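# Reading the structure
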Amino acid sequence: MHATPTRPTRRPLRRTVRGTAQAACLTLAVLGLAACQGGGDATPATEGGTIPEFTIASIAAFGSLDNTKPNAASGASLVTEPLARIKHDGTLEPVLAESIEAKADSVVVRLREGVTFSDGDPVTSEDVAFSIERSADPASAPALAAQLGSVGSVERTDETTITVKTTRPDPTLLNSLAQNVLVVKKSYVEKSGEEYGSPSAPPIGTGPYEVDTFGSSKIEMVRNADYWGEAPDIEKVTYTFLPDSDTARLAMGSGEIDLQWVITGAEIKRWQQVGGANVAVLPSTNLSFLSLDVTAPPFEDPHVRQAIALDVDRENVNEVANGGFGTQLQGLVSPNQLASVCGQQEAEDFLASLPQASFDPDAAADELAASSHPDGFSFTVPAPPQDQSYAQTLLLSLQEELKPMGVDLKIDPLSYPEWVQQVTAHEDLGMQVWTYGSSNPDPAQVLTMFVGKATATAGGLNTANYAPPALEKSLAVLASSFDDEERCAAAQEIVGAVAEDAAYVPLFAPNIGVVTSDGFTYDESAGDPSDYSNGAWVHHVSRTS
Amino acid sequence: MGIARYVGQRLVALLVVLTAVSFLVFVLQDLSPGGPELSILGISGQADPEAVAAVRAKYHLDEPLLVRYGYWLGDAVRLDFGRSTNTGEPVMTVVGARAPDSLRLALSAFAVVLLVGIPCGLLAAFRRGRLADRAITTTAIVFASAPPFAVAIVLIYLLGVRFPVLPPFGTGEGLLDTARHLVLPALALSTGGLALIVRQMRASALDVRSQDYVTFARSRGVSRSRILVRYLLRNTLVPVVTAGGLLLAGMVSGVVFVESVFGLPGLGSLLIDSITSKDLPVVQGLTLLTASVVVLGSLLVDLAALALDPRARMTGADQ
C-alpha cells in the first residue's frame, strides 16, 4: 500500500512561525498605539499671570532637602527660607530677618514678626538660633560650617532677636549667614533625627512652597497658602532629574521642561538653538585665572610671568570655550566684588587703571628675551577636566603661542580628584588653571584664599605662593575690619600688587544662562546668579504671551 | 537530591564571588585619588585642616586598607552596609529607593528581547536567504554595533520630539504612565540583547530543523504546530537560554548609560554619582548587589537549561 505523500510541510510551518512573528509585531503596535494617546505635556494658558505648572530640570538626583547634607537637592530654599538674600553685587535683601546688623564682635538678627511655618506654628527666635547653630556645627554640616568658622555662640536675646557672637571680627559673616542658613522648625528636626530632609521627613518651612511629593526623580511643590510674603505666580513647581544635557534640550524643545540653569558658557550657545527657547544671560560669580608659582623656576622670574601674561589670547579663548559668554577679568576680583567695598564707579575706575596684559606676542617675546630663560624652557601644566572645558582650549592655544619663543608647554590631563590632590599637596605647582566659584560677593574670600602666607602651604589654595610681607597688613584689614573705606584701600593694594607682579593672570568671568521654554521668560534685569540656590528664581519667571 | 546539591554548590560559589569582588572593588576605590572629604567639604573646605581631619576620622580613612576592609566586612556579614557619606541614609534605604526603577527597566528590556527576539530569530531561520532573513540579520548587526546611549538619543529624537508619541524622559506616575515612560528606555536597552538572541535563535533553529527527528516527525504527519512547540522550540531554546546569561551582564552596564540619558534615577545613575563622590559604602553595596544579580541570574539560567534538556539533568545528577 502506498502511503499518500503528505502535503509539503514547508508552507504550514512557515505560516505558523510567521503567525507568531506577526502576533509579536501586532502586540508591539498595540502597545505603541496605547502610548500614542497623549503626547507631550503642554502647559495650558490661564488668566492673569498665574502659571499652573512649571518644571525645572536638575542635573543631580535628589538625595536630601536638608541643606546641611552634602549634595543636597536644590529647591530646599523654596520650602525653608534664608534669613536674607545677597545679590552678586553685595546688596542685601531681607527675607525672614527684618534686619541683620554686623558688628566687630557679633551679628544681630531681628526676626520678622507674624511669620508661621506651613503647619501653622509660629516661627520663633528659638528656631532661628537652632538653624544657625546646626549650620555652623562641623559635625552636622561640615561643608556649611567651613563657611561659618567665626560663629562662636548663638543666643536668643529676646523673642525676636538673635545674637551671634563671633570668635573674631569677621566682616564676611553676614554674607555667609545669609547664603548658608535656612530656617528650619526646631521641634520637627529634632523629632525626625537623621531622617530629616529625606522623603520620609520632608522639610516644613516658612517658604512660598510646601513639599507635595518627594521621589528620587521628581520633587513636586505646591504653593503655601499661608505664605507671609508676595505669592509667586507659579502654582506648582516640579523639580525633575535630568542629568544628560542633550536629553534636556530635547525635553525643552517638546515642552517637557520649562527652565534650565546653564553654568557653562559653551553650553549656552547650544541652548540658544533649541526651538522656541529664550535665554537670559546673567553675570556669574566664577573667576577663571592662571596662577604662576613665584617661588620656583621658571616663574619666579617676573619677566617670564609677564611673557606668559602677554601671550594669552583671552578674547579668542573666550569666544571658543565660552561661546563668547564671559566678561574679561581685569584683576583677581570681579568688578562687583570690588564694588561691594568700594562702590561701583571707584571699582570700575580702579580696575581699568591696572596694568592690563593684553594679547601681544611681540611684547611677550621681548619679556622672555630679557628674562633668565631667553632661549625658552619646558614645563607641564595639570589640566582639570569636565566643566572647565575652557582649560583645555586655553592650554592648547597657549601651547601654540609659546612655541615660537622656544617654550614647550605640556598638558597633563587629570581627573578632578587628582587635580585637587596635587593642588592641596602644594608641591611643584608651576602653572595652575583655575575656575573658582566665589559666590560670596565680598572680596575678602577670594583675596585671602589666593594671597598671603596663611594659604601658601599644604592644604591652602594659594597656588602662586604669592605672599609679599608688605601685603599681610592689608590682608588682615580686609579680613577683620568693618570700615568699608579701609577695606577698599586694602583690596585695591592687594589686587594692584597681584597685577603688577603677574602672580595671577586673570582671564574671564563666564556668564550663566537661564533658559526658559517657549512661552516663558526670565527677568534678566532683576535676575541674579544666586537665584537658583536661594529660591528667588520663582519670582523672576513670567509668561511672554 | 542532585539538584539540591547543585544549587547548594552554586550558592557557596556565590559567597566566594561576593567576597572576592567586594575586596577588589574596595582596593580599586582606595587606589584612585581623593576621598569623600572632597565631595563633602568642597574644594575651599580642603583649606581647613581640622574639617578635613574630622571627616577622615569619622570614616576611619587614615587606617590601613585591610583594617578598613575588615570593618566593612564585619558589618556586611551582619547585613549592616553602613550609611551613605552623601545623604546619611542607610545604604539599604538608598539602594532600595532606586532599585525599582532599574528593575522595571531591566525586566521590560528583557521582555522585549524575548518577545521580539525569539520570533524574529525563528522567522529568519525559516526564511533563510530570503528578504526577511536578510532584513532581520542586518538589523541585528546594526543593533549589535550601536552603543545603547547612541540608540537612546536617536529614539528620543525620533519618537519623543520629532514625532512626539512617547515621553522623552522621566519615570511617570501610575501604572499606565509608568509603562509609557518605559517604552523608549526598554527599547534602547534591549538592542544589544536583541542582536544576540536573534542570531542565536536563528542559528539554533537552523540546526534543529535539519535534525533527523524533525524530518522524521514531519514524514510521520505530526501536525506543524505540534512540531514547532514540542520539538523545535524546546530544543532551540537551550543554547538561547544559556546566551541569556550573558545578556544579564551586558544589561547591567547598558543600564547605566540608558538611565543617564533618560533621566531615570535608578541604580545606574546612583553608581555613577557614588563613584565620583567617593561614597564608599554605597559603591560597595551596589557592587554586592550587581555581583549577586549576575551570579544568581546565571544560576537561574542554568536551572532553566536543565529543565529544558533532560540530558543535562542526568550529567548534573552524577556530579
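Residues numbered from 1 in each chain as written. Chains lettered and ligands numbered in written order. Predicted model: local features only at pLDDT ≥ 70, side-chain atom pairs only at ≥ 80, totals over all residues. Heavy atoms only, no water.

Backbone hydrogen bonds hold the strands of a sheet together, and the pairing may be parallel or antiparallel. Residue and element names in this part refer to chain A. Pairing in this open sheet of 4 strands is antiparallel, and the strands run β4-β5-β7-β6 from one edge to the other. Edge positions in the open sheet fall to β4 (97-102) and β6 (151-158), since each of these has one partner strand only. Strand after strand, the sheet turns through a mean of 15° between neighbouring axes, direction not considered. Where strand β5 (residues 106-111) and strand β7 (residues 161-166) come together, 5 bridges link them in antiparallel fashion. (Pairing = 2+ DSSP bridges. Helix = DSSP H or I, 4+ residues; strand = E, 2+ residues; numbered from the N terminus. Axes fitted to C-alpha atoms, helices over the stretch in contact; angles between N-to-C directions.)

The next subject is the packing of aromatic side chains. What describes a pair of aromatic rings is the distance from one ring centre to the other and the angle between the planes of the rings. Enumeration over the complete set of coordinates arrives at 24 aromatic pairs over all chains. Here the aromatic rings of Tyr188 of chain A and Tyr196 of chain A are separated by 5.9 Å at their centres, their planes lie at 80°, and the arrangement is edge-to-face. Just as Tyr188 of chain A is buried, Tyr196 of chain A falls in that class too. Taking NZ or CZ as reference, Arg162 of chain B lies 5.3 Å from the ring centre of Phe163 of chain B, over its face. (Phe/Tyr/Trp six-rings, centres within 6.5 Å; stacked < 30°, edge-to-face > 60°. Buried < 20%, exposed > 50% of the residue type's maximum accessible area, 1.4 Å probe, protein only. Lys NZ or Arg CZ within 6 Å of the ring centre and 35° of its normal.)

Residues and elements named next belong to chain B. Among the surface-exposed residues, Val154, Tyr157, Leu158 and Phe163 lie close enough to one another that they form a single nonpolar patch of about 390 Å² accessible area. With respect to the helices, strands and loops of the structure, Leu158 is situated in helix α7 (residues 148-162). The partly exposed category is assigned to Leu158, whose relative accessible area is 38%. (Patch = residues over 30% accessible without salt bridge, like charges linked within 9 Å, V, L, I, M, F, W, Y side chains within 5 Å. Areas by Shrake-Rupley, 256 points an atom, 1.4 Å probe, with all protein chains shown as cover. Salt bridge = Lys/Arg side-chain N within 4 Å of Asp/Glu carboxyl O.)

Residue and element names in this part refer to chain A. With 7 of 7 residues buried, strand β18 (residues 504-510) lies mostly within the body of the structure. Pairing of strand β13 (residues 286-292) with β18 involves 4 bridges; the strand directions are antiparallel. Counted as the bridge partner of Ser291 is Tyr504 from β18. Summarising the sheet, strand β14 (residues 326-328) and β18 pair through 3 bridges and their orientation is antiparallel. The residue of β18 that forms the bridge with Gln328 is Phe508.

Bringing a negative patch on the surface into the picture now. Residues and elements named next belong to chain A. The grouping of Glu346, Glu348, Asp349, Asp483, Asp484, Glu485 and Glu486 at the surface amounts to a negative patch. Counting only elements with at least two residues in the negative patch, the list comes to α12 (344-353) and α18 (484-501). Along the polypeptide, Glu348 turns up in helix α12. Since its relative accessible area comes to 38%, Glu348 is described here as partly exposed. (Lys, Arg positive; Asp, Glu negative; His and termini not counted. Charge placed at Lys NZ, Arg CZ, Asp CG, Glu CD.)

Right, let's get into the interface of chain A and chain B. How big an interface is tends to be reported as the loss of accessible area on association of its parts. Listed per partner, the contact involves 59 residues of chain A and 55 residues of chain B. Together chain A and chain B conceal approximately 4,800 Å² of surface at their shared face, both sides included; 68% is due to carbon and sulfur atoms. Counting every contact that joins chain A to chain B gives 0 salt bridges. Linking chain A to chain B there are 1 residue pair in polar contact (both at pLDDT 80 or more). Of all the elements in the fold, those that place two or more residues in the side of chain A that touches chain B are α1 (10-36), α4 (142-147), β9 (218-223), β10 (234-241), α7 (245-253), α15 (416-425) and β17 (431-437) of chain A. Ranked by the residues each element gives to the side of chain A that touches chain B, the list is headed by α1 of chain A, at 13 residues. The residue makeup of the side of chain A that touches chain B, split by class, is 28 nonpolar, 20 polar and 11 charged. (Contact = heavy atoms within 4.5 Å. Buried area = accessible area lost by both parts, 1.4 Å probe. Polar contact = N/O pair within 3.5 Å; in protein donor to acceptor, adjacent residues only side chain to side chain. Nonpolar A, V, L, I, M, F, W, Y, C, P; charged D, E, K, R; others polar.)

Leu332, Trp434, Phe450, Tyr466 and Tyr504 of chain A are the most contacted members of the largest nonpolar core, which has 44 residues in total. For this core, the element with the most residues is α18 of chain A, which contributes 7 residues. What Tyr466 of chain A contacts, discounting residues up to four positions off in sequence, is Val294, Val451, Gly452, Leu471, Ala497, Val498, Asp501, Ala503 and Tyr504 of chain A. Residues Leu155, Met201, Val240 and Leu247 of chain B belong to the second largest nonpolar core, which totals 40 residues. (Core = buried A, V, L, I, M, F, W, Y, C linked by side-chain atoms within 4.5 Å.)

All names here are of chain A. For the structure on display, the rule yields 1 disulfide over all chains. Covalently, Cys342 is tied to Cys488 through a disulfide, its sulfur atoms 2.1 Å apart. Looking along the S-S bond of the Cys342-Cys488 disulfide, the torsion reads about 110°, which is the right-handed sense. In this pair, Cys342 sits in helix α11 (residues 335-342) while Cys488 sits in helix α18, placing the two residues 146 residues apart along the sequence. (Disulfide = S-S within 2.5 Å.)

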